[in-house]
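An overview of the molecular structure
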Amino acid sequence: MSSIKLPGKADISPAVLKITLFLLVLLCLAPSAGARDYSLEEAATNITIDPSGIVHVEESISYAFEGNYNEVFRVLHVPPGESIRNIRGHCSEEECTFRVEQTPDGYELIGALPTPTPEKVTFFVSYDHYGAVKVYSDVSEFHYKLWGEEWEKPLGSLRGSITLPVENESEIRYWTHPADYTREEGIERNVLSLRTEEIPSYQWYEIRAVFPRIESP
């Protein structure tokens, strides 16, 4: 009666064992086909306040994608007594289809992405904000959130410029909060410039500026 010999450890050559272990390491390190992630590389906000108090805002948010995603977005909260008009948006290289959806307290600006999702996308939006400048008996105040706390990812950096309806920098007083995020700041004539370090996820960044009272709020 013949017998069948089963292979044991001694039957596996060292070369085959090394190749097998190498392939197992590669499989562990390789990302799965469904893996995906994204990061917020940088953002920019350019704001111009005209003499009547209308605030024109131009923003951009730069994403880096790994895998497929459906959309990019920007949430706008509109406090009572204020309004937002003339909303526009697009993506770099025309990589998205723009639409606006109304929410209970404002708007969601959405860029629908193609499939496959590009590795790099910058989302541009612009709008006019009415009522954001508060006018008192002696001064005007602009208190604005440049970055919101709704983001689940940290932002690499934020650049901002705010053009105010004044003649020179001596008429402007301003504060940023949290001040620890501010890396660079300065005023030249009537333009306030800012740059931040990384803003952590679920954290916000805002500015408060006080300047002479505008005549026609």
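Just so it is clear, the model here is predicted, and its values are computed rather than measured.

Here we come to the sheet that holds strand β8 (residues 133-135). Taken together, four strands build an open sheet; the order of strands is β8-β9-β14-β11 and the sheet is antiparallel. On the outer flanks of this sheet lie β8 and β11 (173-177), each paired with one strand and no other. Here the average twist between neighbouring strands, direction ignored, is 15°. Strand direction decides the pairing type here: strand β9 (residues 139-147) and strand β14 (residues 205-212), joined by eight bridges, are antiparallel. When the sheet's bridge partners are listed, Ser140 is paired in β14 with Phe211.

Trans is the common state for peptide bonds, and a negative phi is the common state for residues other than glycine. The omega torsion across Thr115 and Pro116 is 0°, close enough to zero to call that bond cis. Mapped onto the secondary structure, Pro116 falls in the loop between β6 (106-112) and β7 (120-130). In this structure, Asn86 is a non-glycine residue whose phi angle is positive, near 55°. Given a relative accessible area of 41%, Asn86 falls into the partly exposed group. Unusually for a residue other than glycine, Arg189 sits at a positive phi of about 55°. Among the secondary structure elements, Arg189 is positioned in the loop between β12 (182-188) and β13 (191-196).

Right, let's talk about the sheet that holds strand β5 (residues 97-103) for a bit. Read from one edge of the open sheet, three strands run β3-β6-β5, paired in antiparallel fashion. Unpaired on one side and paired on the other, β3 (71-77) and β5 mark the two borders of the sheet. Sheet twist, expressed as the average angle between the axes of neighbouring strands with direction ignored, equals 20°. The pairing of β5 with β6 spans seven bridges and is classified as antiparallel. Residue Gln102 lies in a different strand from β6, and its bridge partner there is Tyr107.

Conventions adopted
- Residues numbered from 1 in each chain as written.
- Predicted model: local features only at pLDDT ≥ 70, side-chain atom pairs only at ≥ 80, totals over all residues.
- Heavy atoms only, no water.
- Pairing = 2+ DSSP bridges.
- Helix = DSSP H or I, 4+ residues; strand = E, 2+ residues; numbered from the N terminus.
- Axes fitted to C-alpha atoms, helices over the stretch in contact; angles between N-to-C directions.
- Buried < 20%, exposed > 50% of the residue type's maximum accessible area, 1.4 Å probe, protein only.

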